[in-house]
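Next come the chains, spelled out residue by residue.
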Amino acid sequence: MLNPFAQAQFVMSCAELAQCPRDGRPELAFSGRSNSGKSSALNALCGHKGLARVSKTPGRTQLINLFELPTGERLVDLPGYGYAKVPGRVRQDWARMVGTYVEQRTSLQGIVLIMDCRHPLTDHDRQMLEWVRNGQRPCHILLSKSDKLGFGAGKNTFLKVRRDLQAMGVSAGVQLFSAQTGQGLDEARAALWKLLPSAAGLAIEIAPSL
Ligand code: GDP
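Residues numbered from 1 in each chain as written. Predicted model: local features only at pLDDT ≥ 70, side-chain atom pairs only at ≥ 80, totals over all residues. Heavy atoms only, no water.

Please explain the sheet that holds strand E2 (residues 27-32) as it appears in this structure.
Whenever strands of a sheet pair, they do so through backbone hydrogen bonds, lying parallel or antiparallel. Read from one edge of the open sheet, 7 strands run E1-E3-E4-E2-E5-E6-E7, paired in mixed fashion. The sheet is open, and its two borders are formed by strand E1 (9-14) and strand E7 (173-176), each paired with just one other strand. The average undirected angle you get between the axes of adjacent strands in this sheet is 20 degrees. One ladder, built from 6 bridges, connects strand E5 (residues 108-116) with strand E6 (residues 139-144); its direction is parallel. (Pairing = 2+ DSSP bridges. Helix = DSSP H or I, 4+ residues; strand = E, 2+ residues; numbered from the N terminus. Axes fitted to C-alpha atoms, helices over the stretch in contact; angles between N-to-C directions.)

Encoded structure:
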């Protein structure tokens, strides 16, 4: 598959929701706890090593980073969450900003939730899924760093997360993903691309004419 995210380019960082553009362009947002592999996943999806910063100090930034695709649609890197050293006030600010964004941003087309496959569905992930449900957002979950688990353990995790989501009443795509080995990369690109409105347009363009 042609990589529809290959030409993503950094546009701007926003410290507040009010700074985010109000042009109504469709957005796909990436969320995950600090160290979940969110930056690595974004870089792998876009095939661009330095696009999102892979941080060694989780929780360092609380910025919303925006990337633009040639279609004009955007990828939105939401600030990571759940880092123990972050003070309570910062956590509250995070919850207000990200919760409002996920529940209310009209241009938001879907959420990509990144969870380390060895520690899925933390309290923060569950909070995010509640916002996803409140906002009635499509959601695709990447169980990241799947290279850290063997085949059987990975499959069990996948099945358990799917069961837990069902029990929570959340409807979301789930898959194993490794930025390191590329496991699940094509599947993720295809699933995420489908969440964006111009997917239909591109499908027509690249489909061989009959
Ligand atoms: P973020 O804080 O969620 O943006 O996470 P990062 O992308 O910065 O990754 C956190 C750590 O996990 C880094 O040390 C990465 O090298 C590592 N990591 C990310 N993705 C993978 C993966 O697919 N496999 C393995 N083994 N490590 C990964």
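There is more to say after this.
Would you explain helix H4 (residues 151-168) in this entry?
Every α-helix winds through 3.6 residues per turn, so residues three or four apart in the chain are directed the same way. In this model H4 runs 26 Å from its N-terminal to its C-terminal C-alpha over 18 residues, within 8% of the 26 Å that 1.5 Å per residue would give. Among the residues of H4, Gly154, Thr157, Phe158, Val161 and Leu165 are the ones counted as buried. Down the axis, H4 shows its buried residues gathered within 100 degrees of arc, on one side only. Structural note: H4 exposes Asn156, Arg163, Gln166 and Ala167 on the side pointing more than 90 degrees away from its buried face. Buried residues along H4 sit against E5, helix H3 (123-134), E6 and E7. A positive phi of about 75 degrees marks glycine 169, the residue just after H4. (Expected span 1.5 Å × (residues − 1). Buried < 20%, exposed > 50% of the residue type's maximum accessible area, 1.4 Å probe, protein only. Arc of directions from axis to C-beta. Contact = heavy atoms within 4.5 Å.)

Hey, could you run me through the pairing of E2 in this one?
For a regular strand, side chains alternate in direction, first toward one face of the sheet and then toward the other. Where burial is concerned, most of E2 is hidden: 6 out of the 6 residues are buried. Taking every second residue as pointing to the same face, both faces of E2 are buried, with Glu27, Ala29 and Ser31 on one and Leu28, Phe30 and Gly32 on the other. Sheet topology note: the E2/strand E4 (residues 74-77) ladder contains 4 bridges and is parallel. Paired with leucine 28 across the two strands is leucine 75, which belongs to E4. Here 6 bridges tie E2 to E5, and the two strands are oriented parallel to one another.

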